[in-house]
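Structural description and commentary
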Amino acid sequence: MNITRLVWTLALVLLLGAVFPGLVPIQGAHASGVGVESMELEGVVEDLHLGPDGTGWVVIGGRTILIDKNTDLDEGLAVGVEADVDFVVLPDGTLLATQIEVDAPDTVLPFPPETP
């Protein structure tokens, strides 16, 4: 890799991080073999559609991300939950999820503690 390409790649990653603070570049590939570099997005599930075949889409942070049969889905995925999505950007610009993990809800204890 030449230095010019490295500088441009670094500049693009920094620009994406500034424009889309929820996006973090990570290394990986989808089971379909598409994509060399994956991205990660964290946020609340705003909309979700899953068909009977397990394909569909999810909206997080205003971004629609496709789900296919190779996407690894956590149980409990639903509108309103916090989720972490790993995805690849397809050549046409479509976002395709490789994995969606549901964040466990925080346990809230009553204060002051109840006495028996």
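For the structure itself, look to the data block above.
What counts as what
Residues numbered from 1 in each chain as written. Predicted model: local features only at pLDDT ≥ 70, side-chain atom pairs only at ≥ 80, totals over all residues. Heavy atoms only, no water. Helix = DSSP H or I, 4+ residues; strand = E, 2+ residues; numbered from the N terminus. Buried < 20%, exposed > 50% of the residue type's maximum accessible area, 1.4 Å probe, protein only. Contact = heavy atoms within 4.5 Å. Areas by Shrake-Rupley, 256 points an atom, 1.4 Å probe, with all protein chains shown as cover. Pairing = 2+ DSSP bridges. Patch = residues over 30% accessible without salt bridge, like charges linked within 9 Å, V, L, I, M, F, W, Y side chains within 5 Å. Salt bridge = Lys/Arg side-chain N within 4 Å of Asp/Glu carboxyl O. Lys, Arg positive; Asp, Glu negative; His and termini not counted. Charge placed at Lys NZ, Arg CZ, Asp CG, Glu CD. Polar contact = N/O pair within 3.5 Å; in protein donor to acceptor, adjacent residues only side chain to side chain.

1. Concerning the overall build of the protein
The secondary structure content of the protein amounts to one helix and seven strands. When the helices and strands of the protein are listed from N to C terminus, the series reads α-β-β-β-β-β-β-β. Within the protein, the fraction of its 116 residues that count as buried is 26%. Excluding contacts between residues fewer than 6 apart, the proportion of contacts in the protein whose partners are at least 24 apart in sequence is 44%. For the protein, the computed accessible surface area is about 7,800 Å², with 61% contributed by carbon and sulfur atoms.

2. Description of the pairing of strand β4 (residues 63-67)
Look at any regular strand and the pattern is simple: side chains alternate between the two faces of the sheet. Sheet analysis places strand β3 (residues 56-60) next to β4, joined by five bridges and oriented antiparallel. Among the inter-strand pairings, V59 is bridged to a residue of β4, identified as T64. Hairpin connection of β3 to β4: two residues between the antiparallel strands, including G61 at a positive phi of 60°.

3. A closer look at the environment of L48
Following the sequence through the fold, L48 ends up in strand β2 (residues 37-50). Taking the C-alpha atoms as reference points, L48 and T64, 16 residues apart in sequence, are found 9.3 Å from one another. Not counting residues within four places of it along the chain, the set of residues in contact with L48 comprises W57, V58, I67, L77, A78 and V79.

4. A word on a negative patch on the surface
The grouping of D72, D74, E75 and E101 at the surface amounts to a negative patch. Examined against the element boundaries, D72 turns out to sit in strand β5 (residues 72-73).

5. Considerations on the environment of G43
The topology assignment puts G43 in strand β2. In this view, G43 contacts I60, V81, E82 and A83; residues no more than four positions away in its chain are not counted.

6. Some points on the side chain of T71
Along the chain, T71 turns up in the loop between β4 and β5. With relative accessibility at 9%, the residue T71 sits in the buried group. Within polar-contact distance, the side chain of T71 engages the backbone nitrogen of D68 at 3.0 Å. Among the polar contacts made by the side chain of T71, one reaches the main-chain carbonyl oxygen of A97 at a distance of 2.7 Å.

7. Let's talk about the environment of L96
In this structure, L96 sits in strand β7 (residues 95-102). Along the chain, L96 and W57 lie 39 residues apart, while their C-alpha atoms are 8.8 Å from each other.

8. Quick word on the pairing of strand β6 (residues 82-89)
Counting buried positions along β6 gives six out of eight residues, so the element sits mostly inside the fold. Pairing of β6 with β7, which is carried by seven bridges, proceeds in the antiparallel orientation. From the neighbouring strand, D86 faces β7, where its bridge partner is Q99. Between β6 and β7, which pair antiparallel in sequence order, lie five residues; one of them, G93, sits at a positive phi of approximately 95°.

Any functional reading would require information beyond the geometric quantities listed.
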